[in-house]
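For reference, the chains in residue letters:
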Amino acid sequence: MDPVCIVGAGPAGLAAGAALRARGLPFRIVDAGPGPGGIWDVDRRETPMYRSAHFISSRSLSGFPGFPMPEEYPDYPRHDLVFRYIRAFARHHRLEEHATFATRVTEAAPLPGGGWKIRLVPASEGGGEGDTETLSASALVLATGANWHPNLPEIPGVFQGDVRHSFHYRSADDLRGRRVLVVGAGNSGVDIACDAARVAEAAYLSVRRGYRFVPKYVFGVPADAFAHSGPSLPAWMERRLFAFLPDRILVGDVTRYGLPRPDHAALASHPIMNTRVLDHMGHGDLQARPDVERFDGDAVVFRDGRREDLDLVILATGYRRPFPFLRHPDLDAQEEMPAEVLYLNLLHRTTPDLFLMGLFETDGAAYGLFGEQAEVVARAVETVLGGGPPAERLARLRTRDRPDLRGGRDYVPSRRHRYYVTDRAYRRSLRRLRSAMGWT
């Protein structure tokens, strides 16, 4: 039996390897980095990680199933502690024995009778055609992560200063003494804006829409632990509660900081898990601005007509999720996998030996879901390769079942929410699949 090929040695790929190893299935992990860890290796030559990054989900809820984070870790571990934990998980499951590092996949093509042909080259700049290796795989698991391909907006005009995506940001040293604009209020954008507020000569944060801000602690408890400690509420009650708490009790009216009022219902968009940015605005060290209208020499002009002279613009505008090496009829090499061709954001509906790990955003901690996805992948690989009635039953589910992965929520129609799932609804759907297949 050819090995299953897992592309990516970040948390999702390692979870897949651990599940396959537990079921005695051969596999090979391929990653362009120097070792396991994915984006969390801040010293990697190419990574979006920055020195001030911390987990936005809490330690107690963020571990892999059966492998909790160490008790001595703080509630919200810093990037180096997360990296250490991921490497410990890889060692615990002896995954490096099955991995090839500093190696890039350049092509993965399905074979007519099933299985995959995969071309590998050294990830170093010196790797050439003569170094190509061809791998035959019984199945393909894509666990390449979500933060490798920057989404770059088209901004009219010419800017004479420095413009870069947040992918290339490393530390506050990049900002010291400069006039800085951060565009985008995702969690990395507000982290960088907080760095700028501390060390820049002037710091601005440009937001396109209004957001809800949630503190990392609610009544002295990590916010996610507080949210998960209560009962499962009806969708209407949940929306009211999570509109009332931030807007009336925990944060208040964000327009007093110069930010726009949230333009969507509570829980219709991922909240910003950082209220330090509001502290900096309240102290005048960071100023809010609306969306950028255009560049104009050494200045940026905003939608409301205001203009700021700047040295540096950081575009914290998110990422695309293409699979440029994948040769598949459902995918243009530079586009994202359409969500409708996936079952549970995990199994391809028409290609039974193709799996996409970690292709989701959620309101909970991701690593637990990686573990549950990995168990499904391992079972599905066994089933597909074994054939017979179980494989036929799985094929019917893959092609016909349309579960609600969002728990009845209507999310903002944005790129970020394309693959969004709610934690409870997604876990429930994975359980139903395991039950239907008899995967106890």
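Residues numbered from 1 in each chain as written. Predicted model: local features only at pLDDT ≥ 70, side-chain atom pairs only at ≥ 80, totals over all residues. Heavy atoms only, no water.

(A) Fine view of the overall build of the protein. Secondary structure summary: the protein contains nine helices and 24 strands in total. The C-alpha radius of gyration of the protein comes to 22 Å, within 12% of the 22 Å expected for a compact globule of 440 residues. The principal-axis extents of the C-alpha atoms in the protein amount to approximately 65 × 55 × 45 Å. Scored against the burial criterion, the 440 residues of the protein give a buried share of 52%. Intrachain contacts of the protein at a sequence separation of at least 6 include 65% that bridge at least 24 residues. Averaged over its 57 positive side-chain charges, the protein has a centre that lies 5 Å from the centre of its 54 negative ones. (Helix = DSSP H or I, 4+ residues; strand = E, 2+ residues; numbered from the N terminus. Rg over C-alpha atoms; globule rule 2.2 N^0.38 Å. Buried < 20%, exposed > 50% of the residue type's maximum accessible area, 1.4 Å probe, protein only. Contact = heavy atoms within 4.5 Å. Lys, Arg positive; Asp, Glu negative; His and termini not counted. Charge placed at Lys NZ, Arg CZ, Asp CG, Glu CD.)

(B) Spatial organisation of the sheet that holds strand 11 (residues 202–206). Here we have five strands laid out as an open sheet, ordered 9-18-10-11-14, and parallel in their pairing. Single-partner strands in this sheet number two, and they are strand 9 (162–165) and strand 14 (287–289). On average, each strand axis in the sheet is tilted by 20° relative to the strand beside it, whichever way the strands run. In this structure, strand 11 lies alongside strand 14, joined through three bridges in parallel fashion. In the sheet register, Y204 faces strand 14, and the bridge partner there is Q287. (Pairing = 2+ DSSP bridges. Axes fitted to C-alpha atoms, helices over the stretch in contact; angles between N-to-C directions.)

(C) Broad picture of the packing of aromatic side chains. Within this structure, the stated rule accounts for 14 aromatic pairs. Residues W40 and F55 carry aromatic rings whose centres are separated by 5.3 Å and whose planes lie at 65° to one another, so their mutual orientation is edge-to-face. You can see W40 sitting in the loop between strand 2 (27–30) and helix 2 (79–92) and its partner F55 sitting in the loop between strand 2 and helix 2, a full 15 residues away along the chain. Residue class for F55 comes out buried when judged on its relative accessible area of 7%. For K216, the ring lying beneath its charged end belongs to Y76, and the centroid distance is 4.8 Å. (Phe/Tyr/Trp six-rings, centres within 6.5 Å; stacked < 30°, edge-to-face > 60°. Lys NZ or Arg CZ within 6 Å of the ring centre and 35° of its normal.)

(D) Structural detail: the pattern of salt bridges. Tallied over the entire structure, the rule returns 29 salt bridges. One salt bridge connects D174 with R164, and the closest N-O pair in it is separated by 3.6 Å. With D174 in the loop between strand 9 and strand 10 (179–183) and R164 in strand 9, this pair connects stretches of sequence that are 10 residues apart. A relative accessible area of 22% places D174 in the partly exposed class. Its salt-bridge partner being R306, residue D304 comes within 2.7 Å of it at the nearest N-O pair. Using a relative accessible area of 41% as the deciding quantity, one classes D304 as partly exposed. According to the relative accessible area criterion, R306 is partly exposed, its value standing at 38%. Each of the salt bridges in this network shares a partner with another, and the network as a whole consists of D162, R164, D174 and R178. (Salt bridge = Lys/Arg side-chain N within 4 Å of Asp/Glu carboxyl O.)

(E) Examining the packing of helix 1 (residues 11–22) against helix 2 more closely. The geometry of helix 1 relative to helix 2 is characterised by a closest axis approach of 10 Å and an angle of 20° between their N-to-C directions. Here helix 1 lies roughly parallel to helix 2, going by the angle between them. Judged by the sense of rotation from one axis to the other, the crossing of helix 1 with helix 2 is left-handed. Contacts between helix 1 and helix 2 pair P11, L14, A15 and A18 from the former with I86, F89 and A90 from the latter. (Parallel < 35°, antiparallel > 145°, perpendicular 65-115°, else oblique. Left-handed = near helix turned anticlockwise from the far one by under 90°.)

(F) Structural context of the sheet that holds strand 4 (residues 103–110). Ordered in space as 4-5-6, the three strands form an open sheet in which the pairing is antiparallel. A single partner strand is all that each edge strand has here, and the edge strands are strand 4 and strand 6 (133–137). Going across the sheet, the axis of each strand differs from the next one's by a mean of 25°, ignoring polarity. As paired strands, strand 5 (residues 116–122) and strand 6 are joined by five bridges and run antiparallel to one another. By the bridge assignment, L120 is partnered in strand 6 with E133.

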